[in-house]
Amino acid sequence: MFSFIKKYAESLDGVGIYGDIGLVLFVIVFVGVLFVTLTANKEYIAELAQIPLTDSKND
Amino acid sequence: MEVEKFNYDNKIVRDFAFASFIWGVVGMLVGLYVALELIFPQMNFCQYATFGRLRPLHTNAVIFAFVGNGIFMGVYYSLQRLCKTPMWSKALSRIHFWGWQLIILCAALTFIQGITFGKEYAELEWPIKIMIALVWIVFGINMFGTILTRREKHLYVAIWFYIATWVTVTMLHVVNSMCIPVSLFKSYSAYAGVQDALVQWWYGHNAVAFFLTTPYLGMMYYFLPKAANRPVYSYRLSIIHFWALIFIYIWAGPHHLLYTALPDWAQSLGTVFSIMLIMPSWGGMINGLLTLRGAWDKVRDDVVLKFFVVAVTAYGMATFEGPMLAIKSVNAISHYTDWTIAHVHIGALGWNGFLTFGVLFWLIPRLYRTELYSRKLANVHFWLGTLGILFYAIPMYWSALTQWSMLRQFTEEGILKYPNFLETVKAIMPMYYMRAFGGLLYITGTCTGVYVLIRTAMQGSFQAEEAAEAPALEKAYHPHASEHWHRWIERRPIQMLVLALVLVAIGGLAEFLPTFLIQSNIPTISSVKPYTPLELEGRDLYIREGCYLCHSQMVRPFREEVARYGEYSKAGEFVYDHPFQWGSKRIGPDLAREGGKYPDSWHYNHMDDPRSMSPGSIMPSYAHILDQELNTSLTERKIRAMQMLGVPYPAGYDKVAVADLKKQAKEIQASLKKDGIQTSDSKEIIALIAYLQRIGKDIKGEKQTTEQAEIK
């Protein structure tokens, strides 16, 4: 099945670039999420944590 | 803001709840049965009840029927209340429910007949896989419709886990199910050999991640705070570990293929990411357990919290053990042994099983507006289950270490101390007895719990619609003075879905593309040729009977394996194997170099009654293969399908395939006759013998590498 793609990509030079892009993308997103989460407003976070406890009258 | 009144749909929750625990009992019963079959091979009393046919029934029932319905129970209950709106479509809810149960029924009917795709946890053949896709899409539309029409603008963390579950399972299912159908009940994997192995275990491990873990983490984040009546320990931690978990988990798949013919760089990626995975996984465990800080006295009195605490602890144990097993030196010991089984069942019985019942014991009384029928019996369930987990796992660790130490022992003269694999099987029989006892304890606990739930339902009055009210969502969003960045994505569930999909896709692509496209990853071996038509038919019989569930086909480059089985397996040997059959467990010996080891007559007698050739064997009898006629009506189509997949049969070969098959069959018939066995040349056993005599033979003509292989 992959013989079709294989014909054109048998010696894919520098295919490692995709792995590198993936790694960089992940690191940016992860560090970003980390930073923003840790600097978030305390009351806002507390409000979010309460959502399941305020959702219905049924306990 | 105007307060709107609406009703939550409890009927769909109740339906999924009942389906979950009913299938749970069924799936566990099959599990107990197959565990006993290893001790009492007579229990393989007919072809429909052999271990090879029933084991997929057990795994699929407990994963997709028990846990699957459990997921939907949890999602349908919590999503409505977290979004403050009923499920978007009652009709879709019904279609989802009945569609899913129909799939389970089809699974049961097809597996016992040996209709199987031949890949673990993906055994369902293509028409049922399409049904799964359709039902899953229905679920997705219903779920997203609910999210998009919500009255609570913040998406609580449980919902992100549900979104990630939905999108990733879709990706996994589509990619791993790629196949060429040959008939309504038979198809071949589009991938072969090493690539198929990589795709399979990318799928398999992420089925664990995104079917057994993420939806249950979502449920933990909802039901644990509810049961304990306190918010989760650290909401920040839940945000961080969510993104880390979904990105890292995907890469871990190759840890199922350590020391196999998978390229080394892929194995190392699997190991490294598996170890990194400890962090986000334990983030979940810490969050769960520390939610109860200062409230541990509640656990003493509340059976629901007892189940949750053991569940989360089991989750922590399994997510530490897993990364340890992903280290090559540990894996060298554990792979193909019962250690893997122990690990699976700590997660399955502890995390999935106990969280499901914790939720059920919390949910059913509320749905039926009554108290739990008997807290005492629910506690009995808890203790039986907990003991069951221990009696299951500990014998399995013991059995793994016993078998490993026996298999690798050499005498002073430098030959194997236990050259017969059966000696190790005999040594671990007592542990198999204990494990079956553990399973019995667990299922007894489950049945006790099911009894309590049914009595609870009978004594209560079901509330099909639950009235609720909430203010409508403001059309225009006015940000707070200090807006949290994460709110941007929380308010955009579609974008969250896309970003989650991108992140989970990266791992797969990074591991697949080089394996598939770079020639040097799968070096060509010139002596490896496609299977003959007769061998191909025989291979399909091997798949039908589930032989790969007890026998591996992958010799690792260890001295003890090369001494026992022959030359270690090379990547290029498997290029025509659609699907690959490397196996995950050695209940019986590896078969990678079986070709030419024994005469045809040995195989004939062995299939008829394994104990006639191997005294003490626990393998089922396959006498039906000696009696049944080989079906060659699909042979031409099979050859054409293989050609489409790139297997180099000559053009037009499909037309002469059956003639070639008959010629080779006659040769095997003649060889059997020489050893005193009279048989027609059109029986299935002829094809199976042809295949078994071919496995691993192609490279035996090549120059041998050193027999003293070193551990890398």
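This structure is a prediction, so every number in the text was calculated from the model and none was measured.

Each value, and the rule that gives it
Residues numbered from 1 in each chain as written. Chains lettered and ligands numbered in written order. Predicted model: local features only at pLDDT ≥ 70, side-chain atom pairs only at ≥ 80, totals over all residues. Helix = DSSP H or I, 4+ residues; strand = E, 2+ residues; numbered from the N terminus. Buried ≥ 20, exposed ≤ 12 C-beta atoms within 10 Å, placed from the backbone. Domains from an automatic or database assignment. Contact = placed C-beta atoms within 7 Å. Expected span 1.5 Å × (residues − 1). Bend = angle between axes of the 7 residues up to and from the residue.

Q: Can you walk me through unusual backbone geometry in this structure?
A: When glycine is set aside, most residues are seen to have a negative phi, and most peptide bonds are trans. All names here are of chain B. His-578 connects to Pro-579 through a cis peptide bond whose omega is -10°. Locating Pro-579 in the fold gives a position in the loop between helix H19 (559-565) and helix H20 (600-608). The backbone of Tyr-121 shows a phi angle near 65°, a positive value even though the residue is not glycine. By the element assignment, Tyr-121 lies in the loop between helix H3 (90-111) and helix H4 (126-148). According to the C-beta neighbour criterion, Tyr-121 is partly exposed, with 17 such atoms within 10 Å.

Q: Where do I start with the domain arrangement of chain B in this structure?
A: Interfaces are often sized by the amount of accessible area the parts lose when they come together. All names here are of chain B. Along its sequence, chain B is organised into domain 1 (9-469 + 497-511) and domain 2 (533-701). The centre of domain 1, based on its C-alpha atoms, is set 33 Å off from the matching centre of domain 2. Tallying the contact residues gives 41 residues for domain 1 and 48 residues for domain 2. For the side of domain 1 that touches domain 2, the secondary structure elements donating two or more residues are helix H2 (51-83), strand S2 (179-183), strand S3 (186-189), helix H6 (193-228) and helix H15 (421-459). Top contributing element to the side of domain 1 that touches domain 2 by residue count: H2, with five residues.

Q: Which parts of the structure should I look at to understand the environment of B:Ile587?
A: All names here are of chain B. Along the polypeptide, Ile-587 turns up in the loop between H19 and H20. Overall, the presence of 20 C-beta atoms within 10 Å leaves Ile-587 in the buried class. Excluding its chain neighbours within four sequence positions, the residues that come into contact with Ile-587 are Leu-38 and Cys-550.

Q: Looking at this model, I keep getting lost on H2(B). Mind explaining?
A: In an α-helix, one full turn covers 3.6 residues, which means residues spaced three or four apart are oriented alike. Residues and elements named next belong to chain B. Counted at 1.5 Å a residue, the expected span for H2 with its 33 residues is 48 Å, and the 45 Å between its end C-alpha atoms agrees. When the local axis directions of H2 are compared, the greatest deviation, roughly 35°, occurs at Ala-61. Of all 33 residues in H2, 32 are buried; the element is thus mostly enclosed. Lys-84, located one to two residues past H2, shows a positive phi value of around 55°.

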